[in-house]
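If you want the building blocks of each chain, they are given just below.
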Amino acid sequence: MTQKNTVIYKSKILLESGILDGYLSVCGGVIEYVGTERPMGEICEISDGIITPGFIDIHCHSSNKNCASEDPIEVANFHLSHGTTTMLLSYYRDIPHERLLSCLESTKEAMSKCKNLYGAHLEGPYLNANLGAGYGKNDSPDMERCEEYIKTGVVRQWTSAPEINGVVELIRHISDCGIVPAIGHSEAGYERVKAAYDAGARIATHIFNATKSAKSAYAGTLEVDFNEACMLMDGIFCEVICDSKWIHVRREKLQLLLNSVGIDRVVAITDINAAGVPDDGMDVSLVNGELSGTKLTMDRVAKNLYNGGFSLPEIFKMTSLNPARALGLFDRGVIRKGMRADLILIKENAEFIKVL
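Below, the structure is looked at part by part. (Residues numbered from 1 in each chain as written. Predicted model: local features only at pLDDT ≥ 70, side-chain atom pairs only at ≥ 80, totals over all residues. Heavy atoms only, no water.)

### Observations regarding the overall build of the protein chain
So, step 1. If you tally the helices and strands in the protein chain, you get nine helices and 16 strands.
So, step 2. By its C-alpha atoms, the protein chain is 65 × 45 × 40 Å across when sized along the principal axes.
So, step 3. Among the 356 residues that make up the protein chain, the fraction classed as buried is 56%.
So, step 4. For the protein chain, the distance from the average position of its 36 positive side-chain charges to the average position of its 46 negative side-chain charges is 3 Å. (Helix = DSSP H or I, 4+ residues; strand = E, 2+ residues; numbered from the N terminus. Buried < 20%, exposed > 50% of the residue type's maximum accessible area, 1.4 Å probe, protein only. Lys, Arg positive; Asp, Glu negative; His and termini not counted. Charge placed at Lys NZ, Arg CZ, Asp CG, Glu CD.)

Pasting the structure below:
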């Protein structure tokens with residue numbers, strides 16, 4: 001017998017292998033059936049649109065109005081309205097220690113009110129001082145402060161530069177604490193990236209952005225740079241910022257990445273940093289002429305990928321399944337029996353319609 005809180009959809013449904021024209025049954029927020037046989041019960045028929053997994057954004061600093069540090073609830077709700085059903089709030093290296101602790105506590109409170117908010121991503125403070133918007137300091141990790149961040153219980157991902165003394169040890173420690181270590185804003189060569197990987201690093205933060213090649217010891221030759229070293233680590237997921245003009249990552253660079261690591265290791269992100277940035281008709285953020293993130297939402301990322309020639313199954317690997325796996329979340333990101341019913345509706349051209 002069909003339970004009272006069961007919802008049955010008849011629709012086109014996006015699976016990993018392609019689009020199924022069939023039925024999807026949801027009970028208690030969990031997918032209980034996907035297939036072509038009609039289940040018993042009242043049917044909600046969707047004639048225009050495709051049901052897909054919700055977007056997952058692991059790198060997001062703001063909405064179009066507020067920074068996460070100012071109003072995490074507004075930021076989370078804004079992105080939910082654009083189809084992001086799981087997300088992290090990213091906090092950059094320029095936030096002072098006490099203020100960052102306050103942000104993490106605010107994130108914890110917001111998580112109790114926003115069903116799509118999974119936690120926080122620390123982008124710093126231990127990043128290469130000369131790489132990325134807003135310069136910092138190449139200070140070694142202050143472990144007492146790090147423990148304070150960890151004890152908030154909301155840090156899910158943490159980006160550091162492996163060339164900084166003490167960062168590899170920090171990576172090992174946070175990995176043991178259940179936080180996913182990421183590496184970025186870096187000019188580390190192969191050896192330091194390999195050391196970070198062996199210590200537990202599993203994400204390359206916005207690959208091809210805010211990185212630099214180590215200087216070669218031999219004229220006319222090239223060392224393995226940070227990006228290439230990350231691509232050589234079989235267990236590292238590579239974040240990619242996909243703006244409409246392919247400014248952060250050239251379309252050809254993305255193809256090179258896909259050819260090198262395969263689509264299962266590519267994670268599309270927004271890296272949105274749009275609060276207070278004037279509307280100039282572009283989906284990248286320029287602050288004093290310097291590139292500083294984007295104005296993207298994940299539905300816009302999906303549309304950019306579609307316009308870039310990717311199929312819907314490929315797009316939703318990069319915007320849903322892969323980011324879930326990067327965070328170690330195996331209960332979402334794909335439409336399958338037993339998975340969370342974090343579902344959205346899109347058009348055949350990847351335009352977002354609504355959250356189901």
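Continuing now.
### Quick notes on the packing of helix α8 (residues 298–307) against helix α9 (residues 312–326)
So, step 1. Where α8 contacts α9, the two axes come as close as 10 Å, and the packing angle between them is 140°. One element, α8, and the other, α9, form an angle in the oblique class. Like other packed secondary-structure pairs, α8 and α9 cross with a definite hand, here right-handed. Where α8 approaches α9, its residues Met298, Val301, Ala302, Leu305 and Tyr306 are matched on the opposing element by Leu312, Ile315, Met318 and Thr319. (Axes fitted to C-alpha atoms, helices over the stretch in contact; angles between N-to-C directions. Parallel < 35°, antiparallel > 145°, perpendicular 65-115°, else oblique. Left-handed = near helix turned anticlockwise from the far one by under 90°. Contact = heavy atoms within 4.5 Å.)

### With respect to the packing of helix α3 (residues 143–151) against helix α4 (residues 167–176)
So, step 1. At a minimum axis distance of 12 Å, the contact between α3 and α4 shows a crossing angle of 25°. Taken together, the axis directions place α3 and α4 in an arrangement best described as roughly parallel. The crossing of α3 and α4 is right-handed. On the side of α3, the interface is formed by Met143, Cys146, Glu147 and Ile150, while α4 contributes Leu170, His173 and Ile174.

### Considerations on the sheet that holds strand β3 (residues 30–35)
So, step 1. Strand order in this open sheet of six strands is β3-β2-β1-β4-β15-β16, and the pairing throughout is mixed. Strands at the two margins of the open sheet, each flanked by one partner only, are β3 and β16 (352–355). Neighbouring strand axes in the sheet, compared pairwise and without regard to direction, differ in orientation by 45° on average.
So, step 2. Both strand β15 (residues 343–346) and β16 contribute to a ladder of three bridges, which runs antiparallel. (Pairing = 2+ DSSP bridges.)

### Remarks on a nonpolar patch on the surface
So, step 1. Nonpolar side chains collect at one region of the surface, where Tyr190, Val224 and Leu232 lie side by side and expose about 240 Å² of accessible area between them.
So, step 2. Residue placement: Val224 occurs in the loop between β10 (203–204) and α6 (226–232).
So, step 3. Given a relative accessible area of 32%, Val224 falls into the partly exposed group. (Patch = residues over 30% accessible without salt bridge, like charges linked within 9 Å, V, L, I, M, F, W, Y side chains within 5 Å. Areas by Shrake-Rupley, 256 points an atom, 1.4 Å probe, with all protein chains shown as cover. Salt bridge = Lys/Arg side-chain N within 4 Å of Asp/Glu carboxyl O.)

### What to know about the nonpolar core
So, step 1. Formed by 92 residues in total, the largest nonpolar core has its most connected members in Tyr91, Leu104, Trp158, Ile183, Leu254, Leu257 and Leu305.
So, step 2. Sequence-distant contacts of Leu257, that is, excluding residues within four places in its chain, are made with Ile207, Phe208, Met231, Cys238, Val240, Gly262 and Val266.
So, step 3. Of all hydrophobic cores here, the second largest spans 14 residues; its members include Tyr9, Leu24, Ile31 and Ile335. (Core = buried A, V, L, I, M, F, W, Y, C linked by side-chain atoms within 4.5 Å.)

### Some words on helix α7 (residues 251–261)
So, step 1. Leu254, Leu257, Leu258 and Val261 are the residues of α7 that are buried. Down the axis, α7 shows its buried residues gathered within 95° of arc, on one side only. When the buried face of α7 is taken as reference, the exposed residues oriented beyond 90 degrees from it are Glu252 and Asn259.
So, step 2. Summarising the contacts, the buried residues of α7 are in contact with α6, β11 (237–241), β12 (266–269) and α8.
So, step 3. In the segment just after α7, Gly262 is the residue with positive phi, at about 85°. (Arc of directions from axis to C-beta.)

### Here's the deal with the packing of aromatic side chains
So, step 1. Taken as a whole and judged by the stated rule, the model has two aromatic pairs.
So, step 2. Centre to centre, the rings of Phe55 and Phe316 are 5.4 Å apart; their planes meet at 15°, and the pair counts as stacked. Linking Phe55 in strand β5 (residues 55–57) with Phe316 in helix α9, this pair joins segments that are 261 residues apart in sequence. For the pair formed by Phe55 and Phe316, the shared burial category is buried.
So, step 3. Plain terms: the ring middles of Tyr149 and Trp158 are 5.9 Å apart, the flat faces sit at 65° to each other, and that makes the pair edge-to-face. Comparing Tyr149 with Trp158 shows no difference in burial state: the two are buried.
So, step 4. Sitting over the face of the ring of Trp246, Arg251 holds its NZ or CZ atom 6.0 Å from the ring centroid.
So, step 5. Between the NZ or CZ atom of Arg332 and the centre of the ring of Tyr118, over which it lies, the distance is 5.7 Å. (Phe/Tyr/Trp six-rings, centres within 6.5 Å; stacked < 30°, edge-to-face > 60°. Lys NZ or Arg CZ within 6 Å of the ring centre and 35° of its normal.)

### Re helix α5 (residues 190–199)
Residues spaced three or four apart along an α-helix point in a common direction, a consequence of the helix completing one turn every 3.6 residues.
So, step 1. Within the span of α5, buried status applies to Val193, Ala196, Tyr197 and Ala199. The arc enclosing the buried residues of α5, seen along the axis, measures out at 165°, which places them on a common side. Turned more than 90 degrees away from the buried face of α5, the exposed residues are Glu191 and Asp198.
So, step 2. Where the residues of α5 are buried, they touch α4, β9 (180–183) and α6.

### Observations concerning the pattern of salt bridges
So, step 1. Within the structure shown, the criterion is met by eleven salt bridges.
So, step 2. The shortest N-O distance in the salt bridge between Asp342 and Arg340 comes to 3.0 Å.
So, step 3. Look at Arg340 and you get partly exposed, because its relative accessible area is 29%.
So, step 4. For Glu351, the salt bridge is made with Lys347, and the minimal N-O distance between the two is 3.8 Å.
So, step 5. Residues participating in the shared-partner salt-bridge network are Lys303, Lys347 and Glu351.

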